[in-house]
Amino acid sequence: MMYLASASPRRKELLLQIGVQFDVLPVSVDETPLHCEPALDYVQRMAQTKAEAGRNRLSELNLHFDAVLGADTIGVLDSRILVKPTDKADAIRMLLSLSGRTHRVITAIALATASGVLRRYSSTDVVFREISEQEAGDYWDTGEPQDKAGGYGIQGLGAVFVERIAGSYSGVVGLPLYETSELIKQAAVSLWQPPGIKRNE
C-alpha cells in the first residue's frame, strides 16, 4: 500500500491520473524556511520531512505500508521563495512582482520506505503576462489563490496569467508525473491500476 502524505486535491488527482492506488495520509509539519536556506534545499527538505512524518505516523499505528509519498511546491523569483499568500494585500504584491516576468516553480518529491528515502524534483520556468492591480485583486476574490504557492493556480483561473512555460506542467500543478512515476517504480508500486474505493476520501 502506498500513502500520499498530503491533503492536496491536486496531487490526489494527478496520482489517480496515472493509475496509482493509494490512501491519503495528511501530515502537519513546520514549513518555516531555515535562515539563508536555498530554495532547492528548502523544497527538498519539506518533501522529505512530510514523507518521513507520514512513515513515522504509520509505524506508530502499526499499519503496513510499502511507501509514503511527500511533495512540496514553491515559486522562486530573484532567489526569493514564494509560498502561500497570507492575505489579499500579500497576494496582490506577489502577483504584481510576477507580472511580465519569468519565475521558477520547483516541486520536490520524496518517497519514504522502510529502508530509506528517495528524492527527485522538477524545475519549470513560468512566464507571466502583465497583470494589473485590479486583476490581481479580483483574482484573490475568487478564492482560488489562497492556498497556492506563488499566489496562483495554473490549472485553474490563474491560467490566464501564464504566457508560456518551459518544463513540467504537472510539476507546476503540484506533482511532476514523470519524476513521480520513476520514483514509485523503484518502490515496486504499480502504475495504471483500475480505480477502486479509497479510504480517507
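Residues numbered from 1 in each chain as written. Predicted model: local features only at pLDDT ≥ 70, side-chain atom pairs only at ≥ 80, totals over all residues. Heavy atoms only, no water.

1. Thoughts on the overall build of the chain
Here is step 1 of the chain: Within the chain, the regular secondary structure consists of 6 helices and 7 strands.
Here is step 2 of the chain: In the chain, the order of α-helices and β-strands from amino to carboxyl end is β-α-β-α-β-β-α-β-β-α-β-α-α.
Here is step 3 of the chain: Taking 17 Å as the expected radius of gyration for a compact globule of 201 residues, we find that the chain reaches 17 Å, a close match to that expectation.
Here is step 4 of the chain: If you line up the chain on its principal axes, its C-alpha atoms span 50 × 40 × 30 Å. (Helix = DSSP H or I, 4+ residues; strand = E, 2+ residues; numbered from the N terminus. Rg over C-alpha atoms; globule rule 2.2 N^0.38 Å.)

2. What to know about the confidence of the model for the chain
Here is step 1 of the chain: Averaged over every residue, the pLDDT of the chain is 94; residues scoring 70 or more account for 97%.
Here is step 2 of the chain: Counting interchain partners and residues more than four positions distant, the pLDDT-below-50 stretch residues 197-201 has 12 contacts. (pLDDT = per-residue confidence, 0-100. Contact = heavy atoms within 4.5 Å.)

3. Details of the side chain of Glu179
Here is step 1 of the chain: For Glu179, the position within the fold is in helix H6 (residues 177-186).
Here is step 2 of the chain: Arg120 is the oppositely charged side chain nearest to the buried, salt-bridge-free Glu179, at an N-O distance of 5.1 Å. (Buried < 20%, exposed > 50% of the residue type's maximum accessible area, 1.4 Å probe, protein only. Lys, Arg positive; Asp, Glu negative; His and termini not counted. Salt bridge = Lys/Arg side-chain N within 4 Å of Asp/Glu carboxyl O.)

4. What to know about the packing of aromatic side chains
Here is step 1 of the chain: Evaluated as defined, the whole model comprises 3 aromatic pairs.
Here is step 2 of the chain: With a centroid separation of 4.8 Å and an interplanar angle of 70°, the aromatic rings of Phe128 and Tyr152 are classed as edge-to-face. Residue Phe128 is located in strand S6 (residues 116-128), and its partner Tyr152 is located in the loop between helix H4 (133-141) and strand S7 (162-166); the two are separated by 24 residues in the primary sequence.
Here is step 3 of the chain: Judged by its relative accessible area of 6%, Tyr152 is buried.
Here is step 4 of the chain: Centre to centre, the rings of Tyr139 and Phe161 are 5.3 Å apart; their planes meet at 85°, and the pair counts as edge-to-face. (Phe/Tyr/Trp six-rings, centres within 6.5 Å; stacked < 30°, edge-to-face > 60°.)

5. As for the environment of Gln155
Here is step 1 of the chain: Looking at where Gln155 falls in the secondary structure, it is placed in the loop between H4 and S7.
Here is step 2 of the chain: Given the relative accessible area of 33%, Gln155 is considered partly exposed.
Here is step 3 of the chain: For the pair Gln155 and Gly167, spaced 12 residues apart in sequence, the C-alpha to C-alpha distance is 15 Å.
Here is step 4 of the chain: Excluding anything up to four places from it in sequence, Gln155 contacts Arg10, Lys148, Tyr169 and Val173.

6. A few points about the pattern of salt bridges
Here is step 1 of the chain: Applying the stated rule across the entire model yields 12 salt bridges.
Here is step 2 of the chain: Put simply, Arg10, Asp147 and Lys148 are held in one network by salt bridges that share partners.

7. What to know about the environment of Gln146
Here is step 1 of the chain: For Gln146, the location among the structural elements is in the loop between H4 and S7.
Here is step 2 of the chain: In this structure the C-alpha to C-alpha distance between Gln146 and Lys88, which are 58 residues apart in sequence, comes to 8.3 Å.
Here is step 3 of the chain: Excluding residues that lie within four positions of it along the chain, Gln146 makes contacts with Lys84, Pro85 and Trp140.

8. Regarding the packing of helix H3 (residues 88-98) against H4
Here is step 1 of the chain: Remark: H3 packs on H4, axes separated minimally by 9 Å, with the N-to-C direction vectors making an angle of 130°. By the angle class used here, H3 and H4 are oblique. By crossing handedness, the relation of H3 to H4 is classed as right-handed. Contact residues: Lys88, Ala91, Ile92, Leu95 and Leu96 in H3; Glu133, Ala136, Gly137, Tyr139, Trp140 and Asp141 in H4. (Axes fitted to C-alpha atoms, helices over the stretch in contact; angles between N-to-C directions. Parallel < 35°, antiparallel > 145°, perpendicular 65-115°, else oblique. Left-handed = near helix turned anticlockwise from the far one by under 90°.)

9. Remarks on the nonpolar core
Here is step 1 of the chain: By size, the foremost hydrophobic cluster in this structure holds 38 residues, and its most contacted members are Met2, Leu15, Val20, Leu69, Leu111, Phe128 and Tyr152.
Here is step 2 of the chain: Contacts of Phe128, omitting those with residues within four sequence positions, involve Leu95, Leu98, Gly100, Arg101, His103, Tyr152, Phe161, Val162 and Glu163.
Here is step 3 of the chain: Ala51, Ile106, Ala108 and Ala112 belong to the second largest nonpolar core, which has 13 residues in total. (Core = buried A, V, L, I, M, F, W, Y, C linked by side-chain atoms within 4.5 Å.)

10. Regarding H6
Here is step 1 of the chain: Residues Leu177, Glu179, Thr180, Ser181, Leu183 and Ile184 constitute the buried set of H6.
Here is step 2 of the chain: Looking at the packing, one finds that the buried side of H6 touches strand S1 (2-4), helix H1 (9-17), strand S3 (67-77), strand S5 (102-113), S6 and helix H5 (169-173).
Here is step 3 of the chain: Looking one or two residues beyond H6, the residue adopting positive phi is Ala188, at roughly 60°.

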